[in-house]
Structures are given as C-alpha cells and as structure tokens.
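Structural characterization, general
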Protein chains: 2
Amino acid sequence: MSKKKRETPSNGRYAYEGLERVIHEKARLGIVTSLAAHPDGLLFSQLKEMCSLTDGNLNRHLQVLTEAEFIEIWKHQGEGRPQTLCRLTTLGRKKLTEYVAELEKVVRDALSASEPLPKRKPGDEWSLA
Amino acid sequence: MSKKKRETPSNGRYAYEGLERVIHEKARLGIVTSLAAHPDGLLFSQLKEMCSLTDGNLNRHLQVLTEAEFIEIWKHQGEGRPQTLCRLTTLGRKKLTEYVAELEKVVRDALSASEPLPKRKPGDEWSLA
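First, a word on scope: everything that follows refers to the structure included in this document.

A short note on unusual backbone geometry
Residue A:Glu69 is not a glycine yet carries a positive backbone phi of 65°. Its location among the elements puts A:Glu69 in the loop between helix 4 (55–67) and strand 2 (71–76). For A:Glu69, a relative accessible area of 53% puts it in the exposed group. Positive phi is not limited to glycine here, since B:Ser52 has a value of about 50°. Residue placement: B:Ser52 occurs in the loop between helix 3 (44–50) and helix 4 (55–67).

Description of the interface of chain B and chain A
The accessible area lost on association of the parts is a frequent measure of interface size. Between chain B and chain A, the residue contacts involve 71 residues of the former and 71 residues of the latter. Here chain B and chain A share an interface that buries about 6,600 Å² over both sides, 63% of which is from carbon and sulfur atoms. Our count for the chain B to chain A interface comes out at two salt bridges. The partner of A:Glu25 in a salt bridge is B:Arg21, with the nearest N and O atoms 3.8 Å apart. Scanning the region where chain B abuts chain A turns up 11 residue pairs in polar contact (both at pLDDT 80 or more).

Comments concerning the side chain of B:Lys26
You can see B:Lys26 is positioned in helix 2 (residues 26–37). With no salt bridge to any partner, buried B:Lys26 finds its closest opposite charge in A:Glu17, at an N-O distance of 4.3 Å. A polar contact is formed between the side chain of B:Lys26 and the backbone oxygen of A:Leu19, at a distance of 3.4 Å. B:Lys26 has contacts with A:Ala15, A:Tyr16, A:Glu17, A:Leu19, A:Arg21 and A:His24, leaving out every residue within four places of it along the chain.

So, the pairing of strand 3 (residues 83–88) of chain B
Residue and element names in this part refer to chain B. Most of strand 3 sits out of view: five of its six residues are buried. Direction of pairing for strand 1 (residues 42–43) relative to strand 3: antiparallel, over a ladder of two bridges. Residue pairing in the sheet places Leu43 in a bridge with Leu85 of strand 3. In this structure, the hairpin formed by strand 2 (residues 71–76) and strand 3 is closed by a connection of six residues, where Gly80 is found at a positive phi of approximately 70°.

Observations concerning helix 4 of chain B
Residue and element names in this part refer to chain B. Taking 1.5 Å of rise per residue, 13 residues should cover 18 Å, and helix 4 covers 18 Å from first to last C-alpha, within 8% of that figure. Those residues of helix 4 not exposed but buried are Leu58, His61, Leu62 and Leu65. The buried residues of helix 4 occupy one face: seen down the axis, they fall within an arc of 105°. Next to the buried residues of helix 4 lie helix 1 (21–24), helix 2, helix 3, strand 2 and strand 3.

Parameters and conventions
- Residues numbered from 1 in each chain as written.
- Chains lettered and ligands numbered in written order.
- Predicted model: local features only at pLDDT ≥ 70, side-chain atom pairs only at ≥ 80, totals over all residues.
- Heavy atoms only, no water.
- Helix = DSSP H or I, 4+ residues; strand = E, 2+ residues; numbered from the N terminus.
- Buried < 20%, exposed > 50% of the residue type's maximum accessible area, 1.4 Å probe, protein only.
- Contact = heavy atoms within 4.5 Å.
- Buried area = accessible area lost by both parts, 1.4 Å probe.
- Salt bridge = Lys/Arg side-chain N within 4 Å of Asp/Glu carboxyl O.
- Polar contact = N/O pair within 3.5 Å; in protein donor to acceptor, adjacent residues only side chain to side chain.
- Lys, Arg positive; Asp, Glu negative; His and termini not counted.
- Pairing = 2+ DSSP bridges.
- Expected span 1.5 Å × (residues − 1).
- Arc of directions from axis to C-beta.

Next comes the structure, spelled out in structure tokens:
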C-alpha cells in the first residue's frame, strides 16, 4: 500500500462547513428543531421537558440562540408567575433549513460508506501506535 | 393562548440522546465519516486536507477518537518521514451507524416541521423580551 500512489484528497470534502455551530451544538439542535415543529412557540417549561435540559442550561442556550437572532423570547406577566415563550425567527428557520441540507449530506456520505471493514491489517511494515 | 391548555410535552422528545458527543463534534464527524468512506484508512496528511484541519486540531481530535476506541492509529517508518495511518475500528463504525440513525431522526423532525412561520405575534398580552 505504501507504494501505491493514493488519490489526492479533495480539499475540505469532509469539512462540512454548512454545519452552523450555533445550531450544531446538541442541546441547541433539540431546541431549534422542537421550535420548528411548534410554529406558535413553546413555553420555557415545555422546552425544558422536551429537550431534557436544566433551567440553567436551557437559559444559556436560549441566550446564544437569541444573540444569533435565530429565536425570539416573549414575556407574559399574567396571574401567577411570569411566563416565557420562545419562537423561531424567520432567520432561525432559514438557518435550520440550510443546516439540515448539510446534515443530509453527512447522512449520505456515511451511508454510502457502510461496507464492512476489511479484516486485514494495513501491512507488515505498519505498527499499531 | 394563555388560557388554552397546552398539550403536555413528551419528555425528552427532542433530547437526541443518540447523538454520541464524541462523534457529534463537527471536526470529528468529518474525520469519522471520511474514514468510513475509506476502509483502508487515511494518512494524517490526507485527513488534514479532507477535513480542512490544522495539525494541532487533527491531533487533538484523533486523540479523543483513539481514547474512545473509535479509530486506530498505525505508524510506519520507511524512507523519509514517519507516516501515520488512521482507520475506523469496528466499534467506531458501529457507533457511526447508530449516530447516523439518530441524525436521520433529526432530519425527519426538522423537515416535517417546515411549514412557514405564522405572521401573527403571540398575542397582545405578550411583550418581546
């Protein structure tokens, strides 16, 4: 194998630049997807349960998403405790759509490569580090 | 809306627990997917180009993947500089397969929710935070 000329790899073929970091973080991906599924918005308490997050974590991620203008936060002071409603913005929905297109690329790449590993070692001249 | 009883959210519906953190990190996702596509392995220099990573970043991520036993590193000292070959392990391939199944769930969730946002505000009693 060491003598066989390898193909030049296409630069950045697996860099997945379209995986917007603000959305890619696992908890935020859950938040954004659940908000996309609920166009009227979700209350803080609902998001917390749907995404299995603590108050602190949810707050932190909502702040990142608000700063990126992917979501908007609405406050309501009625009877009892004030309520917080979160909604995806038009920008947030656009970014999620772009993100998902890149995700589909990852899924295609991974699935197209699902043949089993060959059993052989790379070669006698190689040693496992 | 404040008077309408909302449905109880299903707990953790959007928690995406199957998104294994070792693989989910954007750079490592690229590394693992490119290795899945090249069952014979990839040289360090090839991975670097394919994933658009610096030496330092690639080294750091390879270490995390090696510790998780998702990849194995082979060393070869021939003529010239020593070479490093990276290969996906059977465990790594299994984990990627499970990860991609969860990714497909995210894609389905996001796509099933792609109706446009309603124009109206949540209601007069709500104020934007």
